[in-house]
Amino acid sequence: MFLVGLTGGIATGKSTVARMLRDLGCAVLDADQIARDIVEPGQPAYRDIVADFGTGILKPDGTLNREKLADIIFSDPEKRHHLNSVTHKRIQLRMLKSVAMHLFCGYRFIVLDIPLLFEASRLLPLLEETTVVSCSSDCQINRLLKRNNYTLEEAQLRIESQMPLEEKVSLATNVVDNSGTLEETKDQVIRLFEKWQNSSANLKFWGILFIWVVSAGLSVVLLLYLLNFRY
């Protein structure tokens, strides 16, 4: 078993690629969904966020108004960094627990869908490969304008608040270009899926695990022998 990181920029189509991978039978762990779960009323992260940002970010039913919170942090890098410090450790811990559960289900690989994979994820050293979903800048802006009804200035502000897409592409093992049609994107996703299915990294993972278990076992045997010899 091995881990693959999936990321992208705002409106590049990362969620579309993640959905395609699920349709192919992949285990995809969604950091965004986990982020929503950990800020439900009553959760520790929820209490921390309300204490830091005030009750003005709550809806009438007491849940977080994610749009209002997003408006605050996108225009204030310091507050954005603080929010990330509240949520990221909790997200990654819950994601690791989910990885452990999937490990025993026999998956050859698990895809970790993490928006801030390169910016803030401590899981990066555990990944065998990283994949960035990219698109042209014009395509990215047009999608934001259409999907979120942003002004051009608002769309550019949100794009500029993230790590440049070109930098993410330069760091990635694989790139999915989502500037074209859905069929063109799907073809790229299928090729990646087949690559991971046939990867020897699965064997490498279990080989490392086997060596670790054998080494640990030999250490215990040696310790027992020395104790027996001593007494």
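Refer to the preceding data block for the structure.
Residues numbered from 1 in each chain as written. Predicted model: local features only at pLDDT ≥ 70, side-chain atom pairs only at ≥ 80, totals over all residues. Heavy atoms only, no water.

Thoughts on the packing of helix α1 (residues 14-23) against helix α10 (residues 182-197)
We count it as follows: With axes taken as lines fitted to C-alpha atoms, and helix axes fitted only over the stretch in contact, angles between N-to-C directions fall between 0 and 180 degrees. Segments assigned H or I by DSSP are reported as helices when at least four residues long, segments assigned E as strands when at least two residues long, and all are numbered from the N terminus. For classification purposes, angles smaller than 35 degrees are called roughly parallel, those larger than 145 roughly antiparallel, those between 65 and 115 roughly perpendicular, and all remaining angles oblique. Here a crossing is taken to be left-handed if its near helix is turned anticlockwise relative to the far helix by less than a right angle, and right-handed if that turn runs clockwise. We call two residues in contact whenever any of their non-hydrogen atoms come within 4.5 Å of each other. In this classification, the charged set is Asp, Glu, Lys and Arg, the nonpolar set is Ala, Val, Leu, Ile, Met, Phe, Trp, Tyr, Cys and Pro, and all remaining amino acids, among them Gly, are polar.
Running from amino to carboxyl end, α1 crosses α10 at an angle of 55°, the nearest separation of the two axes being 10 Å. With respect to α10, the element α1 is oriented oblique. Where α1 crosses over α10, the two elements pack in a sense that is right-handed. Judged by residue contacts, Thr 16, Val 17, Met 20 and Leu 21 of α1 engage Leu 182, Thr 185, Lys 186, Val 189 and Trp 196 from α10. Looking at the contact of α1 with α10, its residues break down into six nonpolar, two polar and one charged.

Quick notes on the packing of helix α2 (residues 31-38) against helix α5 (residues 77-103)
In contact at an axis separation of 9 Å, α2 and α5 are set at 115° when each is read in the N-to-C sense. The orientation of α2 with respect to α5, classified from their angle, is roughly perpendicular. In the crossing of α2 with α5, the sense of the turn from one axis to the other is right-handed. In this structure, α2 uses Ala 31, Ile 34, Ala 35, Asp 37 and Ile 38 to contact α5, whose residues at the interface are Thr 87, Arg 90, Ile 91, Arg 94 and Met 95.

Some points on the environment of Leu 83
What counts, and what does not: Think of it in three bands: residues with accessible area under 20% of the maximum for their type are buried, residues over 50% are exposed, and the middle band is partly exposed, with areas taken using a 1.4 Å probe on protein chains only.
When you line up the elements, Leu 83 lands in helix α5. Overall, Leu 83 belongs to the buried group, its relative accessible area being 8%. When the C-alpha positions of Leu 83 and Ile 49 are compared, they lie 7.2 Å apart, and in sequence the two are 34 residues distant. Apart from residues lying up to four places away in sequence, Leu 83 is in contact with Ile 49, Phe 53, Leu 69 and Ile 73.

Focus on α5
Along an α-helix, residues three or four apart share an orientation, since each turn contains 3.6 residues. Test applied: A helix is expected to reach a length of 1.5 Å times the quantity of its residues less one. At every residue, the bend is computed as the angle between two fitted axes, covering the seven residues ending there and the seven beginning there respectively. For this analysis, a polar contact is any N or O atom pair within 3.5 Å, provided that within protein one partner can donate a hydrogen and the other can accept it, and provided that sequence-adjacent residues contribute only side-chain to side-chain pairs.
Taking 1.5 Å of rise per residue, 27 residues should cover 39 Å, and α5 covers 37 Å from first to last C-alpha, within 8% of that figure. Taking the largest bend as the criterion, α5 deviates by roughly 30°, centred on Thr 87. Along α5, the residues that are buried comprise Arg 80, Leu 83, Val 86, Thr 87, His 88, Ile 91, Gln 92, Met 95, Ser 98, Val 99 and His 102. For α5, the capping residue at the N-terminal end is Asp 76, with a side-chain oxygen 3.1 Å from the backbone nitrogen of Glu 78.

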